[in-house]
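Descriptive structure summary
Listed below, chain by chain, are the residues.
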Amino acid sequence: MSTIKIKQIKSKIGAPADQKRTLEALGLHKIAQVVEKEDTPSIRGMIRKVHHLVTVID
């Protein structure tokens, strides 16, 4: 299965608790941090939930 790189571009300060937990579940803790995850529907759903805080890197 392919992988996807996710980069946090905005702070989680002021975000609702569920969005903060989603970022933590993705493994993101700092701005500009990049993590690599498998490209699954559940990961895509997590990205969609916090799309304003992260970006997908090609």
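Going by the structure above, here's the rest.
A brief structural summary. (Residues numbered from 1 in each chain as written. Predicted model: local features only at pLDDT ≥ 70, side-chain atom pairs only at ≥ 80, totals over all residues. Heavy atoms only, no water.)

1. Things to note about the nonpolar core
The condition is simple: Residues enter a nonpolar core if they are buried and are Ala, Val, Leu, Ile, Met, Phe, Trp, Tyr or Cys, with the set joined through side-chain atoms within 4.5 Å. For the exposure calls, accessible area comes from a 1.4 Å probe over protein chains only, and a residue counts as buried if that area is under 20% of its type's maximum, exposed if over 50%, partly exposed in between. Only DSSP runs of H or I reaching four residues or more are called helices, and only runs of E reaching two or more are called strands; each is numbered from the N terminus. For this analysis, residues touch if any pair of their heavy atoms sits within 4.5 Å.
In this structure, Ile-4, Ile-6, Ala-15, Leu-23, Leu-26, Leu-28, Val-35, Ile-43, Ile-47, Val-50, Leu-53 and Val-54 together form the largest nonpolar core, which totals 12 residues. At the level of elements, strand S1 (3–8), helix H1 (17–26) and helix H2 (41–49) are the ones that each hand at least two residues to this core. When near neighbours in sequence (up to four residues on either side) are disregarded, Ala-15 contacts Lys-20 and Leu-53.

2. Describing H1
Note the cut-off: Summarising the geometry, the arc corresponds to the directions from the helix axis toward the C-beta atoms.
Considered for burial, the residues of H1 that qualify are Gln-19, Thr-22, Leu-23 and Leu-26. Take H1 and look down its axis: the buried residues cluster within an arc of 100 degrees, on one side only. Buried residues along H1 sit in contact with S1, strand S2 (34–38), H2 and strand S3 (54–57). Following H1 by one or two positions, Gly-27 adopts a phi angle in the positive range, close to 90 degrees.

3. Describing the pattern of salt bridges
Between side chains of opposite charge, pairing is possible as soon as their charged atoms come close. Quick note on the threshold: In what follows, salt bridge is the name for a side-chain nitrogen of Lys or Arg lying within 4 Å of a carboxyl oxygen of Asp or Glu.
One pass over the structure, following the stated rule, counts three salt bridges. One salt bridge connects Lys-12 with Glu-24, and the closest N-O pair in it is separated by 3.8 Å. In this pair, Lys-12 is assigned in the loop between S1 and H1 and Glu-24 in helix H1, connecting sequence segments 12 residues apart. Taking the relative accessible area as the measure of exposure, Lys-12 reaches 22% and is therefore partly exposed. Ionic pairing is found between Lys-49 and Asp-18, a salt bridge with its closest N-O pair at 3.1 Å. Remark: Asp-18 occurs in helix H1 and Lys-49 occurs in helix H2; sequence separation between them is 31 residues. A relative accessible area of 31% places Asp-18 in the partly exposed class.

4. A short note on the packing of H1 against H2
What counts, and what does not: Structural elements are reduced to axes, namely lines fitted to C-alpha atoms, with helices fitted over the stretch in contact, and the angle between N-to-C directions of any two is expressed from 0 to 180 degrees. Geometric relationships in this document are graded by angle, where less than 35 degrees denotes roughly parallel, more than 145 denotes roughly antiparallel, 65 to 115 denotes roughly perpendicular, and other angles denote oblique. Crossings are sorted by hand: turned counterclockwise from the far helix by less than a right angle, the near helix makes the crossing left-handed, and turned clockwise it makes it right-handed. Three classes are used, and their members are as follows: Ala, Val, Leu, Ile, Met, Phe, Trp, Tyr, Cys and Pro are nonpolar, Asp, Glu, Lys and Arg are charged, and the others, Gly among them, are polar.
Closest axis-to-axis distance for the H1/H2 pair is 10 Å, and the angle between their directions is 135 degrees. Our classification of the angle between H1 and H2 gives oblique. Helix-helix and strand crossings are classified by hand; for H1 and H2 the assignment is left-handed. In this structure, H1 uses Asp-18, Gln-19, Thr-22, Ala-25 and Leu-26 to contact H2, whose residues at the interface are Ile-43, Met-46 and Lys-49. For the contact of H1 with H2, the residue count by class is four nonpolar, two polar and two charged.

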